[in-house]
Amino acid sequence: MNFKLKIKEEKNSFEKENKVVWQSPSNIALIKYWGKKEKQIPQNASVSFTLSESYTETEIVYSKKESNNKIEIKFLFEEKDNELFEKKIVKFLNYVLKYFPFLTKLNLTIKSKNSFPHSAGIASSASSMSALALCLCSIEKKHYDSLKTNDTFYRKASFIARLGSGSAARSVFPFAASWGKHADLYNSSNKFASILPFNLHENFKSYNDAILIISKKEKQVSSTAGHNLMKNHPFAKQRYKLANKKLQILLNALQNGDLDGFIEVVEDEALTLHSLMMSSNPGFILIEPNTLAVIEKIRNYRKINNSKLCFTLDAGPNIHLLYPDNEEDSVFEFIKNDLQNYCENRFWISDKIGKGPFEINKQNA
Ligand code: PMV
């Protein structure tokens, strides 16, 4: 599939000021993407749950300007100027200009806000890059005779989101998505993510994710640096092989409602991710003493209560507590009475698997 838009006649002119707005969620990887080749091509396939409460809302107001071959934007993050983010976005828009050549013809005012507090230790690149990619695709669709089917629209949005942040590719799809070529996923690609090609088992359709904020501190090592350290990693080859095997096991669990199989593979992945970080050269540690304390508590709780609660970790110290709907009350009690004590300022977010991004304000745009 070629994602480049060939500039031809506009379907609708850019004369009038226009607006697109998208809300797009974060996602939590169950099989992790860790290690990449050039141009954000993953070394192994990954699978994630799309979340619902942790999202970014991005708005682009655009109008025609004299084309001067330059991308010019005004960017506001949570209603305020943010030079650092603005520079990053300009760099990204220049990078994707060949896919959206009309961008140099427009004055762009981009406003973005998150549903979760900034600097809460929650990675926002997946939600923010996917929201931005969806806005760009909406502009293309509105003014040109392209991206007419849902398939082509979301595929390009995922492709563009990936160029901003690999994991963002998965956020444009509802419930559960995969990204990266895998023999068991006929629709899979390294260039964009796809929705899983089967119905999730009932057990997983409303799965919960309580995000326990163990620390709000900025990460010592960025995920870009972490991915790079996989290049000379002594366990890299074995890791990529194993990840693809574990993905196969996870797909079976998701399809058949096998909660125990799910727990085993998801916790294994979380610990593998962090052991890869620790065994990089130089090695680095992103988990905190409280992360380990909570992991031990979760495992004890599961044993004593015959629960299906389990954990996963992102590239950071915070814990994603995954559990089925029928355990909601008891898990809330567990968090409030115990786990919350291990969170910075007792902060946690109750999230769950979600329906994916949506366009706001379509009628006025
Ligand atoms: O999308 P990036 O480059 O921030 O990397 C994400 C890496 C993990 O969150 C650790 C795993 C994943 O698959 O989301």
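Things to note about the domain arrangement of the protein chain
Okay, so step 1: Domains assigned within the protein chain are domain 1 (18–200 + 355–363) and domain 2 (202–352).
Okay, so step 2: Here the C-alpha centroids of domain 1 and domain 2 sit 24 Å apart.
Okay, so step 3: Taken together, the contact pairs 32 residues of domain 1 with 46 residues of domain 2.
Okay, so step 4: Interface area, domain 1 with domain 2, both sides summed: about 3,400 Å², of which 68% is carbon and sulfur.

As for the state of the cysteines
Okay, so step 1: Tallying each qualifying case throughout the model produces zero disulfides.
Okay, so step 2: Cysteine Cys137 remains unbridged, with the sulfur of Cys135 as its closest cysteine sulfur at 9.5 Å.
Okay, so step 3: On the basis of relative accessible area, Cys137 is assigned to the buried category, the value being 0%.
Okay, so step 4: Lacking any disulfide linkage, Cys343 is separated from the closest cysteine sulfur, that of Cys310, by 17 Å.

As for helix α9 (residues 328–337)
Okay, so step 1: Three or more residues of α9 are buried, namely Val331, Phe334 and Ile335. For α9, the arc enclosing every buried residue in end-on projection is 95°, short of the 170-degree limit, so these residues lie on one face. Away from the buried face of α9 by more than 90 degrees, exposed residues Asp329 and Asn337 are located.
Okay, so step 2: Turning to α9, the residues buried within the fold contact β10 (208–212), α8 (289–305), β12 (319–323) and β13 (348–352).

The rules behind the values
- Residues numbered from 1 in each chain as written.
- Predicted model: local features only at pLDDT ≥ 70, side-chain atom pairs only at ≥ 80, totals over all residues.
- Heavy atoms only, no water.
- Domains from an automatic or database assignment.
- Contact = heavy atoms within 4.5 Å.
- Buried area = accessible area lost by both parts, 1.4 Å probe.
- Disulfide = S-S within 2.5 Å.
- Buried < 20%, exposed > 50% of the residue type's maximum accessible area, 1.4 Å probe, protein only.
- Helix = DSSP H or I, 4+ residues; strand = E, 2+ residues; numbered from the N terminus.
- Arc of directions from axis to C-beta.

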